Amino acid sequence: MKIPFSPPYIDESIIDEVVDTLRSGWITTGPKVKALEQEIKTYSQSEEVLCVNSWTSGAMLMLTWLGVKPGDEVIVPAYTYCATAHAVIHTGAKPVMVDSGEDFNISVDAIRKAITPRTKAILPVDIGGFPCDYPAIMQLVNEPEIKAMFVPDNEVQRQLGRILVVSDSAHSLGAKLPHGGRSDVAIFSLHAVKNVTSAEGGAICLNLPAPFDNAAVYSELRLNTLNCQTKDAFTKSQAGGWKYDIVGLGMKINLPDVNAAIALAQMRIYPQLLERRKEVFQAYERGFADCDWMVMPPSVTENGVESSYHLLALRIKGITEEQRNDIIAEVAKAEVAVNVHYVPLPMLTYFRELGYQMEDYPKAFANYCSEISLPIYPQLTDEQVNYIVNCMKEAYAKVVKGE
Ligand SMILES: *Cc1c(COP(=O)(O)O)cnc(C)c1O
């Protein structure tokens, strides 16, 4: 049985929405992007939502808005996808990597130890869709001693008066956040493998504290996604609307309507899609109930936190990196596509050459060595889940028990 890792969810309603855009005569940023922003705003209960062409460009935009520059530091986990650190490096600042906690997510204690007077922002990552401990992180950045360390060097930073928390929520659209804490800015990825997709895209959710006016920040950022041109192409295309000005050095990172249409149609059915993801997760839980050699990823907590079930990130107890690789090879023979989330950044050539060392992140390394991500998406049937579970059990028995 051939099982792909993460195919996009495309039904007739999604195809119809894209065709509607193609027939409308307007294919780049316009009414579909506005409608998508509204859907995500309502769904995530954010103050404002701005769509861009990727998570990565969205993160660069937010760090640029904050005025992050060479000499500054931004705290990121070592256990993440490269984009989290790349966004920081593009601003000229230094990503300060810290280790994971007990699950896959960034350790709040490690964040505390990494804060210096140069720290401008923290980018916690909701690995697999399970939210980080935002109440603890927000409390940390608001502690008087931590605030006293903060050195603002522009108006935005002065108004904020503390470290900005921008969550890498690439995986966690639809996750339930803990009570009493959310990040200042959350960025969802709408990349093809994510829970909701526009093929490529990102959604920036603004929940900045007072005295910021989120609507004003939205307008300023939107201008910045379009070369700082005072009129977007849609407005300019109307009769008599030709006049415009360029008011700054903008980026060009707007989301086209033809892309937004895909995500817009997906958002309308996302509650059902998410429910099916949860059922698939639960089918795995039942399938692996008798396997004490395996740890399921975190999914729910007593205080109302719930994952968006983006990854089925298993950890297999007591295995070496080599055994994990052998298990993957066995499962691949059965035509089941699996992945590893993630190869920690210090193990990758670029970051190693920048001087990051894997020995400094033992928890991230242990996670990496024992981790295998199995397919999880709404189209998976219970029969397919059972097949994958049996493949995993057989591969484990063969590789680890020599059976
Ligand atoms: C996918 C992903 C990104 C990058 O998203 P893009 O939309 O492709 O830029 C960033 N962080 C994490 C954790 C991701 O999984």
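Each value, and the rule that gives it
- The residue count restarts for each chain, going from 1 along the sequence in the order it is written.
- Given that the model is predicted, a residue must reach a pLDDT of at least 70 before its local features are reported, and side-chain atom pairs must reach 80 or more before they are shown or counted; all residues, however, enter totals for whole chains, interfaces and linings.
- Side-chain metrics rest on all non-hydrogen atoms present in the structure, leaving aside hydrogens and water.
- Only protein chains enter the accessibility calculation, which uses a 1.4 Å probe; a residue is then buried when its area is under 20% of its type maximum, exposed when over 50%, and partly exposed in between.
- Segments assigned H or I by DSSP are reported as helices when at least four residues long, segments assigned E as strands when at least two residues long, and all are numbered from the N terminus.
- Contact between two residues is taken to exist if any of their heavy atoms lie within 4.5 Å; hydrogens are not considered.
- Patches draw on residues past 30% relative accessible area with no salt bridge. Two like charges within 9 Å are joined, as are two nonpolar side chains (Val, Leu, Ile, Met, Phe, Trp, Tyr) within 5 Å.
- In these tables, accessible area is a Shrake-Rupley quantity obtained with a 1.4 Å probe, and a residue counts as shielded only by the protein chains included in the view.
- What counts as a salt bridge is simple: a side-chain nitrogen of Lys or Arg found within 4 Å of a carboxyl oxygen of Asp or Glu.
- The domain boundaries here were taken from an automatic or database domain assignment.
- Buried area is calculated as the accessible area (1.4 Å probe) missing from two parts once they are joined, with the contributions of both summed.
- Polar contacts, as counted here, are pairs of nitrogen or oxygen atoms within 3.5 Å of one another; within protein the pair requires one atom able to donate a hydrogen and one able to accept it, and residues that are adjacent in sequence qualify only if both atoms are side-chain atoms.
- The length a helix should cover is 1.5 Å for every residue beyond the first.
- The arc in question is traced by the directions running from the helix axis to the C-beta atoms.
- Among buried residues, those of type Ala, Val, Leu, Ile, Met, Phe, Trp, Tyr and Cys that are joined through side-chain atoms within 4.5 Å constitute a nonpolar core.
- Only the contacting stretch of a helix is used when fitting its axis, a line to C-alpha atoms as for every element, and angles between N-to-C directions run 0 to 180 degrees.
- It is the rotation of the near helix from the far one that decides the hand of a crossing: anticlockwise by less than a right angle makes it left-handed, clockwise makes it right-handed.
- By this definition, two strands are paired if DSSP reports at least two bridges between them.
- Looking down the strands as they point away from the viewer, one classifies a crossover as right-handed if the path from the first strand across the helix to the second runs clockwise.

### Overview of helix 4 (residues 82–90)
If you check which residues of helix 4 are buried, you get Cys-82, Ala-83, Thr-84, Ala-85, Ala-87 and Val-88. Buried positions along helix 4 lie against helix 3 (55–66), strand 2 (73–77), strand 3 (94–98), strand 5 (164–168) and helix 13 (349–353). One or two steps after helix 4, the chain reaches Gly-92, where phi turns positive at roughly 95 degrees.

### Observations concerning a nonpolar patch on the surface
A cluster of nonpolar side chains, contributed by Ile-10, Ile-15 and Val-19, occupies part of the molecular surface with about 210 Å² of accessible area. Checked against the element boundaries, Val-19 lands in helix 1 (residues 12–24). The partly exposed category is assigned to Val-19, whose relative accessible area is 30%.

### Here we look at the domain arrangement of the chain
According to the domain assignment, the chain contains domain 1 (12–267) and domain 2 (270–399). Computed from C-alpha atoms alone, the centre-to-centre distance between domain 1 and domain 2 is 27 Å. The junction of domain 1 with domain 2 conceals about 3,200 Å² of combined surface from both sides, 63% of it contributed by carbon and sulfur atoms. Viewed at the interface, domain 2 and domain 1 are joined by 2 salt bridges. Glu-102 is the salt-bridge partner of Lys-363, the closest N and O atoms lying 3.2 Å from each other. Our count for the contact surface shared by domain 1 and domain 2 stands at 23 residue pairs in polar contact (both at pLDDT 80 or more). Elements represented by at least two residues in the side of domain 1 that touches domain 2 include exactly helix 4, strand 3 and helix 11 (257–287).

### Concerning helix 2 (residues 31–44)
One full turn of an α-helix is made of 3.6 residues, so residues set three or four places apart face in the same direction. Spanning 14 residues, helix 2 covers 20 Å between terminal C-alpha atoms, matching the ideal 20 Å at 1.5 Å per step. All of the buried residues along helix 2 are Lys-32, Val-33, Leu-36, Glu-37, Ile-40 and Ser-44. For helix 2, the buried positions fall inside an angular range of 135 degrees around the axis, keeping them on one side. As for helix 2, its buried residues are in contact with helix 1, strand 1 (48–52), strand 6 (185–189), strand 7 (202–206), helix 9 (214–224) and helix 11. Following helix 2 by one or two positions, Gln-45 adopts a phi angle in the positive range, close to 50 degrees.

### Focus: the nonpolar core
Counting 54 residues, the largest nonpolar core has Trp-65 and Ile-204 as the members making the most contacts within it. No other element matches helix 3, which puts 8 residues into this core. When residues are assigned to domains, this core turns out to be shared by domain 1 (12–267) and domain 2 (270–399), each giving three or more. Ile-204 has contacts with Glu-48, Val-49, Leu-50, Val-52, Gly-58, Leu-61, Met-62, Val-185, Ala-186 and Ile-187, leaving out every residue within four places of it along the chain. One finds Tyr-284, Leu-314, Val-338 and Val-389 within the second-largest nonpolar core, a separate group that totals 33 residues.

### Quick word on the packing of helix 3 against helix 9
Helix 9 packs onto helix 3 with a crossing angle of 115 degrees between their chain directions and a minimal axis gap of 11 Å. Judged by the sense of rotation from one axis to the other, the crossing of helix 3 with helix 9 is right-handed. In contact with Leu-61, Met-62 and Trp-65 of helix 3, helix 9 contributes Val-217, Glu-220, Leu-221 and Asn-224.

### Looking at the pairing of strand 2
Among the 5 residues in strand 2, 5 count as buried, and that is most of the element. Burial of strand 2 is two-sided: the residues Glu-73, Ile-75 and Pro-77 facing one way and the residues Val-74 and Val-76 facing the other way are all buried. Inspection of the sheet shows strand 2 paired to strand 3 by 5 bridges, in the parallel sense. Looking at strand 3, one finds that Val-74 is bridged to Pro-95. Read from strand 2 through helix 4 to strand 3, the crossover connection turns out right-handed. With 3 bridges connecting them, strand 2 and strand 4 (residues 119–122) associate as parallel partners. Bridging from a neighbouring strand, Ile-75 pairs with Ile-122 of strand 4.

### Observations regarding the environment of Ala-261
Locating Ala-261 in the fold gives a position in helix 11. Sequence-distant contacts of Ala-261, that is, excluding residues within four places in its chain, are made with Glu-17, Val-18, Thr-21 and Lys-32.

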